[in-house]
Amino acid sequence: MAGASRSRPTSGPRLVDSARIHVRAGDGGRGSASFRREPFIPRGGPDGGDGGRGGSVIAVASPQESSLQAFSSRSSWQAGHGRPGAKARKEGAAGADVRLTVPVGTQVIDQATDEVVADLDHPGAEAVLARGGAGGRGNVHFKSSVKQAPDFAERGRPGEARALRLELKLIADAGLVGPPNAGKSSLLAAISAARPKVADYPFTTLDPELGVATTPAGDRLVVADIPGLIEGASRGAGLGTRFLRHVERTRVLVYVVDGASGDPFGQLDQVRAEVRAYSPGLAGRPSLTAVNKVDLAPAAALRRRTRRAGVRFVSAKTGEGVPELVAAIHGAVVEAPPPRPAVAPAVQKLTPRRAAATPAVRKLSWGYEVTGQRARDLVARADLESRHSFDWFQVQLHRLGITAALEEAGVEPGDTVKIGDLEFEYQPG
Ligand SMILES: Nc1nc2c(ncn2[C@@H]2O[C@H](COP(=O)(O)OP(=O)(O)OP(=O)(O)O)[C@@H](O)[C@H]2O)c(=O)[nH]1
Ligand SMILES: [Mg+2]
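Take the overall build of the protein next. Across its full length, the protein holds 9 helices and 19 strands. Here the protein holds 429 residues, and 48% of them are scored as buried. A separation threshold of at least 6 residues defines the contact pool for the protein, and within that pool the share at least 24 residues apart is 70%. Put simply, the protein shows about 20,900 Å² of open surface, and 49% of that area lies on carbon and sulfur atoms.

A few words now on the sheet that holds strand β17 (residues 367–371). Read from one edge of the open sheet, 4 strands run β16-β17-β18-β19, paired in mixed fashion. Either end of the sheet is taken by a strand with one partner, and the two such strands are β16 (360–364) and β19 (422–425). For this sheet, the mean inter-axis angle between neighbouring strands, taken without regard to orientation, is 25°. As paired elements, β17 and strand β18 (residues 416–419) share 4 bridges and run parallel to each other. Looking across to β18, one finds that Y368 is bridged to V417.

Relative to the elements of secondary structure, P103 occurs in strand β4 (residues 98–103). Its relative accessible area of 1% is what places P103 among the buried residues. Sequence separation between P103 and P63 is 40 residues, and the spatial gap between their C-alpha atoms is 6.0 Å. Not counting the four nearest positions on each side in its chain, P103 is found in contact with A61, S62, E65, S66, S67, L68, L120 and L168.

Time to look at the site of ligand 1. In the vicinity of ligand 1 lie 24 residues, with K184, S186, F203, T204 and D295 positioned nearest. At a separation of 2.5 Å, an oxygen atom of ligand 1 approaches a polar side-chain atom of S186. Here an oxygen atom of ligand 1 and a side-chain polar atom of K293 are 3.0 Å apart. Contact with the protein chains covers 89% of the free accessible surface of ligand 1, which is 650 Å². Residue contributions to the shell around ligand 1 peak at 3 residues, all from helix α2 (residues 184–191).

Okay, the side chain of E369 next. Structurally, E369 can be placed in strand β17. Given a relative accessible area of 16%, E369 falls into the buried group. Engagement of the side chain of E369 in a polar contact is seen with the side chain of R362, the distance being 2.6 Å. Every residue in contact with E369, bar those within four places of it in the chain, is listed here: A360, V361, R362, L364 and K418.

What follows is about the coordination of the magnesium ion (ligand 2). Only S185 (OG) and T205 (OG1) from the protein coordinate the magnesium ion (ligand 2), and they sit 1.9 to 2.1 Å from it. Taken as a pair, S185 in helix α2 and T205 in the loop between α2 and β10 (209–214) lie far apart in primary sequence, 20 residues in all. In terms of burial, S185 and T205 fall into one category: buried.

The two faces of strand β1 (residues 18–24) differ: A19, I21 and V23 on one face are buried, but S18, R20, H22 and R24 on the other face are not. Summarising the sheet, β1 and strand β8 (residues 161–168) pair through 7 bridges and their orientation is antiparallel. Looking at β8, one finds that H22 is bridged to A163.

Positive phi outside glycine occurs at R89, with the angle close to 55°. Relative to the helices and strands, R89 resides in the loop between β3 (76–78) and β4. Of note, the phi angle at N181 is positive, near 70°, even though the residue is not glycine. The residue N181 is located in the loop between β9 (174–177) and α2 in this model.

With respect to the helices and strands, L296 occurs in the loop between β13 (287–292) and α5 (297–305). Residue classification places L296 among the partly exposed positions, given a relative accessible area of 36%. Measuring from C-alpha to C-alpha, the distance between L296 and S315 comes to 8.7 Å, with 19 residues separating the pair along the chain.

Rules used in this analysis
- Residues numbered from 1 in each chain as written.
- Chains lettered and ligands numbered in written order.
- Predicted model: local features only at pLDDT ≥ 70, side-chain atom pairs only at ≥ 80, totals over all residues.
- Heavy atoms only, no water.
- Helix = DSSP H or I, 4+ residues; strand = E, 2+ residues; numbered from the N terminus.
- Buried < 20%, exposed > 50% of the residue type's maximum accessible area, 1.4 Å probe, protein only.
- Contact = heavy atoms within 4.5 Å.
- Areas by Shrake-Rupley, 256 points an atom, 1.4 Å probe, with all protein chains shown as cover.
- Pairing = 2+ DSSP bridges.
- Axes fitted to C-alpha atoms, helices over the stretch in contact; angles between N-to-C directions.
- Near = heavy atom within 4 Å.
- Polar contact = N/O pair within 3.5 Å; in protein donor to acceptor, adjacent residues only side chain to side chain.
- Donors = N, O, S within 2.8 Å, 3.2 Å for Na, K, Ca; no water.

Keep in mind that these numbers describe shape and distance, not what the molecule does.
In structure tokens form, the structure reads like this:
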């Protein structure tokens, strides 16, 4: 659907359909560096648990929301940080997620790249806007590979932070379809706060526009106004029929014809034929007919003569019959089947996680060899003479999954492990 956002003066409250937000996920909690206390042993084995994962900021599409109003008064969102790990292998609590409820049809755009990174186009759709940082590992993990007692633990990873734009692409419930000048835009203006251009020449409307109407009972209804259709539109006459794609997902079509024209019902047949030529499915959708301009004499006279069921005479100018028309559209929308089969909620992630380059471990006659570029780079960078760097090296062994891979391969204390040209003895602490 085309954006409803146009900056122009309005009388009624405008629909808030765009917002800029900053989201920050929580940092992971730090891992714990603690040691078991055992009788007669001054320093037992390491038993520090992992830090908790930071909370994420997640957007969830809800049919209960109809605008991005909530984001115009608050633009910054921060999820909870993970708690640190503790001794006795106790894992820190995870940070609380922040779940932002947005209307169905909200698109998430990365402000830095202008890329649409998530499209929450059905109820229940979710997108992770900022992923929480992983918790740091406690020193309980660092007792293998190298002999020293691990008196350090990892810090948690920072949570993601992003500047995003939310844009509501409303999915219209009903579409106004009719010949040019029938008063479609006037009708949209009469039932909603939208202010489409209205003029007494054909093809005033060039871009589809949306408005939110409220029924007398207080129900909301999203209505789309599209350019007029003339005879031969399906063969390209006038602006053609391509605009009909904007009403393809609406549940109900509202045919609007000009009651002051010579032959409104002839107009109706023509428009229906064009819609049918465009898509028989669309033509078969539930519909209503509004004969507009009943404030003018020809339309008033026609009303007296007409016995057609389901035809409503209205005036976008005076408002006559308009509330009843809105109620009827709403009734039809409620009864109409959804235009598309419901899809299961999909989770979209902003940055697909890169598959970690897992190091390969080979068991050889003399021990274990770790291969892989990242493992070799690690060894090349490590200066194992310095204590500081040695600690760093151990942390990296875990980060790269080397320790886990070694254990998986069945490494035993005292076995020789070789990475690049470094050889060391595997010794759990
Ligand atoms: N008297 C009267 N005039 C109306 C009514 N509704 C619309 N008009 C006039 O009809 C003309 C066309 O109205 P629009 O709302 O622009 O018609 P449209 O169907 O959107 O036209 P396109 O965008 O060109 O397809 C304008 O001059 C309006 O002021 C009505 O109920 N009564
Ligand atoms: Mg128009």
